[in-house]
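Topology and contacts: notes
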Amino acid sequence: MTGPNRRTAMGLGLGAAAGLATATPVLADDRRIVMVSTWDFGAAANAAGMAARARGGSGLDMVEAAARVAEADISNSSVGLGGLPDREGRVTLDAVIMDDRGGLGAVCALEDVVHAISVARRVMEKTPHVILVGQGARDFALAEGFETTNLLTPEAEAAWRAWLVESRYEPRANSENTDWRARRDGRPGDASDHDTIGVLGIDSDGRLAGACTTSGMAFKMRGRVGDSPIVGSGLYVDAEVGAATGTGVGEEILRVCGAHSVVEAMRGGADPETACRLTLERLVRLRGAALGDSQVALLALGRDGRAGGFALRPGFTFAATDAAGRTEVRSAPALFPET
């Protein structure tokens, strides 16, 4: 893979206006997408979210249930239990949850608690604050009755000790899928450099919610926080328009307030896929060759049940589930081809 050259980056700005959506037919009720999650492992997450929906659960119930699946999956080295640690060997979790009424809660650098997304929801529902971090987030979780767990699994510790030999950080695009597939199939996976699961849902009353949870960059500096728990970057939900989430190298998503930018593009008339593309084109115009070979991907769900994603590079996938409960793992289009 190669980073965008100047000529390519300049060309990305030419068709922005032409990319806006025109009038489209209304989707049949059973074909409306009501849940999307990033990456292949989003399919299992969606199943849990849809089960919550079938029980009459709210959008928040849906996305929390979905996120908890990834957090408890030890084959997933980028989220929750089994996540790869920081460079000091400590696993720290970030999560955010949001509804379409402005309800919002997040935790950053949370240790020893598997379900960071549930702690984030408690922050939203039981405190006057939006974000709790570090020891304060841990203390709050324990006061709320969450159990402590050693998040550093033997496999993750072994990967960290192997990394210590050279202590070199080299991002690899789409490591979320490649490493998860290897671990799931019983094959050793390489150390991943990021990332997250982002989940967006619409409940049976048409209300939207979203969640994003991660163990962050593998072997990150102690205290590093990326886009995932930051509202407007890793996640944004708007009752009038829809919702969006991001995945990939969080530092790049933060530079353009990725999720909020996608939602605002939809407000201006873009369909979800186009809104994601326009935001990534803006990032390329801003950063150019500084993006290197980084992967950044965005995913959106409109309140009308249309969904779409876009990525800088091929390899980003997302799971989409319609109102009839059918789930499809889709490959998102990309700005730059594989070379």
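The following paragraphs examine the structure supplied in this document. Since the model is a prediction, treat every value here as computed from it, not as a measurement.

Considerations on the overall build of the chain
- Of the regular secondary structure elements, the chain holds 10 helices and 12 strands.
- Of all 339 residues assigned to the chain, the portion counted as buried reaches 57%.
- Taking all contacts inside the chain whose residues are at least 6 apart in sequence as the whole, residues at least 24 apart take part in 66%.
- By element, 51% of the accessible surface of the chain is carried by carbon and sulfur atoms, the whole surface being about 13,400 Å².

Let's talk about the sheet that holds strand β7 (residues 235-238)
- Reading across the sheet, the 4 strands line up as β7-β8-β9-β10 and stay open at both edges, with antiparallel pairing between neighbours. Taken across any chain shown, the strands that pair with only one partner, and hence form the sheet edges, are β7 and β10 (307-311). In this sheet, neighbouring strand axes are inclined to one another by 10° on average, regardless of whether the strands run parallel or antiparallel.
- Where strand β9 (residues 296-302) and β10 come together, 5 bridges link them in antiparallel fashion. Paired with Ala 300 across the strands is Gly 308, a residue of β10.
- Taken strand by strand, helix α9 (residues 258-267) contacts β7, β8 (242-248) and β9, and its axis lies near 140° from that of β8.
- On top of the sheet, helix α10 (residues 272-287) reaches β9 and β10; it is set at about 25° to β10, its chief contact.

Overview of the sheet that holds strand β5 (residues 196-202)
- Spatial ordering of the open sheet is given by β4-β3-β2-β6-β5-β1-β11-β12, a layout of 8 strands whose pairing is mixed. Edge positions in the sheet fall to β4 (131-133) and β12 (327-331), since each of these pairs with one other strand and no more. For this sheet, the mean inter-axis angle between neighbouring strands, taken without regard to orientation, is 10°.
- Summarising the sheet, strand β2 (residues 93-99) and strand β6 (residues 208-214) pair through 6 bridges and their orientation is antiparallel. Bridging from a neighbouring strand, Asp 94 pairs with Thr 214 of β6.
- Across the sheet, helix α2 (residues 42-54) is in contact with β1 (33-38), β5, β11 (317-322) and β12; its angle to β1 comes to roughly 145°.

A few points about the pattern of salt bridges
- Under the definition given, this model contains 23 salt bridges.
- With its nearest N and O atoms 2.8 Å apart, the salt bridge here joins Asp 112 to Arg 138. A residue pair is termed long-range when its members are at least 10 positions apart, and Asp 112 in the loop between β3 (104-110) and α4 (116-126) and Arg 138 in helix α5 (residues 134-143) qualify at 26 residues.
- Between Arg 287 and Glu 252 there is a salt bridge; the shortest N-O distance is 2.9 Å. Taken together, the positions of Arg 287 in helix α10 and Glu 252 in helix α8 (residues 250-255) put the pair 35 residues apart, joining distant regions of the chain.
- A network of salt bridges, in which partner residues are shared, links Asp 61, Glu 64, Arg 121 and Glu 125.

Quick notes on unusual backbone geometry
- If you check the backbone angles, Asp 112 has positive phi at about 75° while not being a glycine.
- Residue classification places Asp 112 among the partly exposed positions, given a relative accessible area of 25%.
- You will see that Phe 219, though not glycine, has its phi angle at about 60°, which is positive.
- Within the element layout of this structure, Phe 219 appears in the loop between β6 and β7.

The rules behind each value
- Residues numbered from 1 in each chain as written.
- Predicted model: local features only at pLDDT ≥ 70, side-chain atom pairs only at ≥ 80, totals over all residues.
- Heavy atoms only, no water.
- Helix = DSSP H or I, 4+ residues; strand = E, 2+ residues; numbered from the N terminus.
- Buried < 20%, exposed > 50% of the residue type's maximum accessible area, 1.4 Å probe, protein only.
- Contact = heavy atoms within 4.5 Å.
- Areas by Shrake-Rupley, 256 points an atom, 1.4 Å probe, with all protein chains shown as cover.
- Pairing = 2+ DSSP bridges.
- Axes fitted to C-alpha atoms, helices over the stretch in contact; angles between N-to-C directions.
- Salt bridge = Lys/Arg side-chain N within 4 Å of Asp/Glu carboxyl O.

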